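# Chains, contacts and geometry: an overview
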Amino acid sequence: MSSIRFDGRVAIVTGAGGGLGRHYALDLAARGAKVVVNDLGSARDGTGQSDAALAVVEEIRAAGGEAIANGGDVADYEQMAAMVAEAKARWGGVHILINNAGVLRDKTFAKMTPEDFAFVVRVHLLGTALTTKACWDTFREQNYGRVLMTSSSSGLFGNFGQANYGAAKLGIAGLTRTLAIEGARHDIRVNTIAPTAGTRMTEDLFPEAAFAAFAPEKVAPGALYLVSEDAPTNVILGAGAGAFQAAYITLTPGVLLSGDDLSPEGVAAHWDAIVDRSGEIVPRSGAEQAMSIAALLPS
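Sequence order as written defines the numbering, with residues in each chain counted from 1. Thresholds applied to this predicted model are a pLDDT of at least 70 for local features of residues and 80 or more for the giving and counting of side-chain atom pairs; totals over whole chains, interfaces and linings are not thresholded and use all residues. Only hydrogens and water are set aside; all other atoms, that is, all heavy atoms of the structure, feed into the side-chain values.

Let's shift gears to the overall build of the protein. To qualify as a helix, a DSSP run of H or I must reach at least 4 residues; to qualify as a strand, a run of E must reach at least 2; elements of each kind are numbered from the N terminus. When its secondary structure is counted, the protein shows 11 helices and eight strands. The C-alpha radius of gyration computed for the protein amounts to 21 Å, which stays within 12% of the reference 19 Å derived for 299 residues, consistent with globular compactness. Seen through its C-alpha atoms, the protein measures out along the principal axes to roughly 70 × 45 × 40 Å. Note on exposure labels: buried denotes an accessible area under 20% of the residue type's maximum, exposed denotes more than 50%, and partly exposed covers the range between, all computed with a 1.4 Å probe on protein chains only. Out of the 299 residues in the protein, the part that is buried amounts to 44%. Within the protein, residue pairs in contact and separated by at least 24 positions form 70% of the contacts whose partners lie at least 6 positions apart. Total accessible area computed for the protein in this model is approximately 14800 Å², and 55% of it derives from carbon and sulfur atoms. Computation of the radius of gyration draws on C-alpha atoms alone. For the globule rule, the value is 2.2 Å times the number of residues to the power 0.38. Whether two residues touch is decided by their heavy atoms; if any such pair falls within 4.5 Å, the residues are in contact. For the accessible areas, the method is Shrake-Rupley and the probe is 1.4 Å, while residue cover comes only from the protein chains on display.

Okay, here's the thing in structure tokens:
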């Protein structure tokens, strides 16, 4: 295997003061990247200020790498634009963005306040979109960009007590798919990682033994591959404990209904055929759903 390096590349990692983001930043720097270590809050609910980014920068510098700290709010576009401008002024460009910043405010939907819902969506979904937007023109101008979004099994598959988090994380996966299509002509590759790791956000969700097995450093190899020069694009990668899995959004062939069958009763009567996964496809864009329906129509 040839070595994956990031010499001459500038990377921004959000939420890099600890956990997964810290390992991403350290590993990128160890492989030659210059790194912007972004981190804002010290608590997993997003409250407080943190010097954690500075600590990670010192780790990188002590190991012989180059890094700067940034305390900007990912959901504030002006702060993210200023972060990108600082990186470009110092190092001449930005080539890699890992959107990792996040918060949790877990409650059942019945007990969740509108403010709790909006805050989590703001940080995860809006923060991811705005940070990516702050980099997008630079990526287009230099005809190169690698973006890694962070989704979650809670968004892809659902999880009790995480309606706000799950909604944001599935939204991020949808954002990824569109940006991968739009960025292709400029060699901007956009991927999603759905990590399972023992971090400050999950420390009371894992049994002690599992917490150690799901160490963040066992996710980082997948993340670094997905922002490398030869990375794929439009991939959803599950990662945890050293295991890596690909997740897909699929579409069954379906059934064309007409006449009396074109009714709620007809849908019910043909339900088993509608959900039969034999011959299902993995659409590359939303247009393929319409194309698959058109293929069922009489010629």
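The length a helix should cover is 1.5 Å for every residue beyond the first. In this model helix α4 (residues 114-142) runs 41 Å from its N-terminal to its C-terminal C-alpha over 29 residues, within 8% of the 42 Å that 1.5 Å per residue would give. Along its length, α4 reaches its greatest deviation from straightness, about 35 degrees, at Arg122. Just past α4, the residue Asn143 takes up positive phi, approximately 50 degrees. Values of bend correspond, residue by residue, to the angle between axes fitted over the seven residues ending at that residue and the seven starting there.

When the centres of two rings from Phe, Tyr and Trp lie within 6.5 Å, Trp using its six-membered ring, the rings pair. Their planes under 30 degrees apart give stacked, over 60 give edge-to-face, and anything left gives tilted. Taken as a whole and judged by the stated rule, the model has one aromatic pair. Pairing Phe109 with Phe117 gives two aromatic rings, centres 6.4 Å apart and planes at 75 degrees, and the pair type is edge-to-face. Phe117 gets classed as partly exposed once you look at its relative accessible area, which sits at 26%. Arg9 extends its terminal NZ or CZ atom over the ring of Tyr144, reaching a point 3.9 Å from the ring centre. By definition, being over a ring means that NZ of Lys or CZ of Arg is both within 6 Å of the ring centre and within 35 degrees of the ring normal. The ring centre of Phe119 lies 3.9 Å from the NZ or CZ of Arg105, which sits over that ring.

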